[in-house]
Amino acid sequence: MTATGQRAQGWGFVAPALLWTFAFFIVPFIVMGAMSLATLDGRTLIWGLSFQNYAELAEKRFLWRAIVVSLEITLTVTVVSVVLAYPLAWIIAFNVPKRWQRLALLLAILPFWTSYVVRSYAWLLVLARDGVVNQTMLNLGLIAEPLTLANTRFATVTGFVHFFVMLLTLTIYANLVQLSPNYRRAAQDLGASAFQTFRHVILPLTLPGIVTGAFLTFVLCIGDYVTPQILGGNTELTVPQVIMVQLGRRADFPLAAALAIVLMGIVTVAYLAAARWLRLDRI
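It should be emphasised that the depicted structure is a prediction, and the values quoted were computed from it without experimental measurement. (Residues numbered from 1 in each chain as written. Predicted model: local features only at pLDDT ≥ 70, side-chain atom pairs only at ≥ 80, totals over all residues. Heavy atoms only, no water.)

Draft legend 1. Quick peek at the overall build of the chain. Scanning the chain for helices and strands turns up 12 helices and two strands. Secondary structure elements of the chain occur, N-terminal to C-terminal, as α-β-β-α-α-α-α-α-α-α-α-α-α-α. Expected size for 283 residues packed as a compact globule is a radius of gyration near 19 Å; at 24 Å, the chain overshoots this value by more than 25%. If one aligns the C-alpha atoms of the chain with their principal axes, the spans along those axes are about 80 × 75 × 35 Å. Expressed as a percentage of the 283 residues in the chain, the buried residues total 36%. A separation of at least 24 residues holds for 69% of the contacts in the chain among residues at least 6 apart in sequence. Put simply, the chain has 19 plus and 11 minus side-chain charges, and the middle of one group is 13 Å from the middle of the other. (Helix = DSSP H or I, 4+ residues; strand = E, 2+ residues; numbered from the N terminus. Rg over C-alpha atoms; globule rule 2.2 N^0.38 Å. Buried < 20%, exposed > 50% of the residue type's maximum accessible area, 1.4 Å probe, protein only. Contact = heavy atoms within 4.5 Å. Lys, Arg positive; Asp, Glu negative; His and termini not counted. Charge placed at Lys NZ, Arg CZ, Asp CG, Glu CD.)

Draft legend 2. Quick peek at the packing of aromatic side chains. Across all of its chains, the model carries nine aromatic pairs by this definition. For the ring pair W90 and F94, a centre distance of 4.6 Å and an interplane angle of 70° mean the geometry is edge-to-face. Pair noted here: W90 and F94 are both in helix α3 (residues 61-95), with a separation of four residues, about one helical turn. Among the residues examined, W90 registers a relative accessible area of 23% and is labelled partly exposed. (Phe/Tyr/Trp six-rings, centres within 6.5 Å; stacked < 30°, edge-to-face > 60°.)

Draft legend 3. The arrangement of the UniProt feature "transmembrane region" (unreviewed entry) in the chain in detail. Per the UniProt entry, the sites bearing "transmembrane region" (unreviewed entry) are residues 12-35, 62-91, 103-124, 160-180, 201-226 and 253-274 in this numbering. Its end C-alpha atoms 43 Å apart, residues 62-91 is made of 100% helix and 0% strand. In residues 103-124, helix accounts for 68% and strand for 0%; the two terminal C-alpha atoms are 29 Å from one another. (UniProt positions renumbered as here; feature names shortened; annotations may be inferred.)

Draft legend 4. Expanded view of the pattern of salt bridges. Per the stated rule, a full pass over the model turns up four salt bridges. Across the pair R153 and E236 runs a salt bridge, and its minimum N-O distance is 2.9 Å. Of this pair, R153 sits in helix α7 (residues 153-176) while E236 sits in the loop between α10 (226-231) and α11 (239-248); the two residues are 83 residues apart in sequence, bridging distant segments of the chain. Judged by its relative accessible area of 26%, E236 is partly exposed. When salt bridges that share partners are traced, they join R65, E72, R153 and E236 into one network. (Salt bridge = Lys/Arg side-chain N within 4 Å of Asp/Glu carboxyl O.)

Draft legend 5. Looking closely at the packing of helix α5 (residues 116-126) against α7. The contact between α5 and α7 brings their axes to 10 Å, and the two run at 130°. If you check the angle between α5 and α7, you find them oblique. As α5 runs across α7, the sense of the crossing is right-handed. Residues Y116, R119 and W123 of α5 pack against T158, G159, F160, H162 and F163 of α7. Its residues assigned to classes, the contact of α5 with α7 comprises four nonpolar, three polar and one charged. (Axes fitted to C-alpha atoms, helices over the stretch in contact; angles between N-to-C directions. Parallel < 35°, antiparallel > 145°, perpendicular 65-115°, else oblique. Left-handed = near helix turned anticlockwise from the far one by under 90°. Nonpolar A, V, L, I, M, F, W, Y, C, P; charged D, E, K, R; others polar.)

Draft legend 6. Structural context of unusual backbone geometry. Look at N151: it is not a glycine, yet its phi comes out positive at around 60°. Mapping N151 onto the fold places it in the loop between α6 (132-139) and α7.

Draft legend 7. Quick peek at a nonpolar patch on the surface. On the surface, W100, L103, L106, L107, L110, F112, W113 and L170 cluster together into a nonpolar patch covering about 760 Å² of accessible area. No other element matches the four residues that helix α4 (residues 98-108) contributes to the nonpolar patch. (Patch = residues over 30% accessible without salt bridge, like charges linked within 9 Å, V, L, I, M, F, W, Y side chains within 5 Å. Areas by Shrake-Rupley, 256 points an atom, 1.4 Å probe, with all protein chains shown as cover.)

Draft legend 8. A look at the UniProt feature "domain: ABC transmembrane type-1" (unreviewed entry) in the chain. The UniProt record annotates "domain: ABC transmembrane type-1" (unreviewed entry) at residues 67-274. Span residues 67-274 is 76% helix and 0% strand, its end C-alpha atoms 20 Å apart.

Draft legend 9. Quick look at the confidence of the model for the chain. Across the chain, pLDDT averages 86, with 97% of residues at or above 70. In the model of the chain, helix α8 (residues 181-189) stands out as the element of lowest mean pLDDT, 81, in contrast to α3, which has the highest, 92. (pLDDT = per-residue confidence, 0-100.)

Structure follows, in structure tokens:
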């Protein structure tokens with residue numbers, strides 16, 4: 001086959017993916033960007049090149065507060081999930097016998113089998129004033145009256161962590177099982193303690209898995225609407241919730257589009273930071 005024929009065949013293979021990306025990502029993104037520069041005159045949409053919606057984001061405190069709340073919740077969930085997932089992945093990779101590791105991984109991904117909405121409502125029932133947590137602490141005499149756990153940021157973070165710990169466990173486990181035992185043996189032969197071996201050898205080699213899982217957690221968490229809506233109880237609005245308010249109650253599509261663009265900008269910055277760190281790590 002000639003070089004021209006090979007190029008044509010290559011374009012034939014990638015054309016469906018390119019068309020799909022163009023139709024369902026690039027075109028909607030262009031429309032959303034154009035919408036964010038439009039304005040509303042009553043209920044009339046006026047297309048143009050106005051930055052009024054972005055100025056409104058900076059001027060209105062509740063809009064800026066939604067961005068801050070989203071970042072605070074997302075960063076908290078990401079850090080807590082990493083701290084909990086790493087030991088779990090370590091136990092599965094090094095302490096569970098090989099023949100039982102598949103079963104352990106199967107148990108780890110069980111939360112993915114449950115509907116996202118059902119899982120959120122389950123946590124709402126567990127954390128309610130008459131739920132399992134409060135009733136257990138009351139029976140043990142740890143508290144005198146039920147605590148307000150549901151409809152709080154704590155409930156939102158708990159629901160997120162329950163889901164993302166398992167996602168991070170899988171990404172970290174994939175890195176851990178690829179490590180050769182010779183790394184640890186070499187470190188021990190050179191006089192390194194178990195902690196020094198972990199800190200200077202194992203942890204740096206598994207950081208790509210941590211960063212990848214943390215980025216996925218960041219993206220999925222900051223753009224989620226269901227969990228904050230169900231577990232947060234509208235006590236603190238996140239960006240997705242504010243976007244839904246603008247669409248559902250005010251029909252302010254330009255402002256909602258501007259919020260969505262800002263959200264995509266935050267995700268893009270997170271991606272560039274993660275990609276740059278991984279690239280530097282491999283130099």
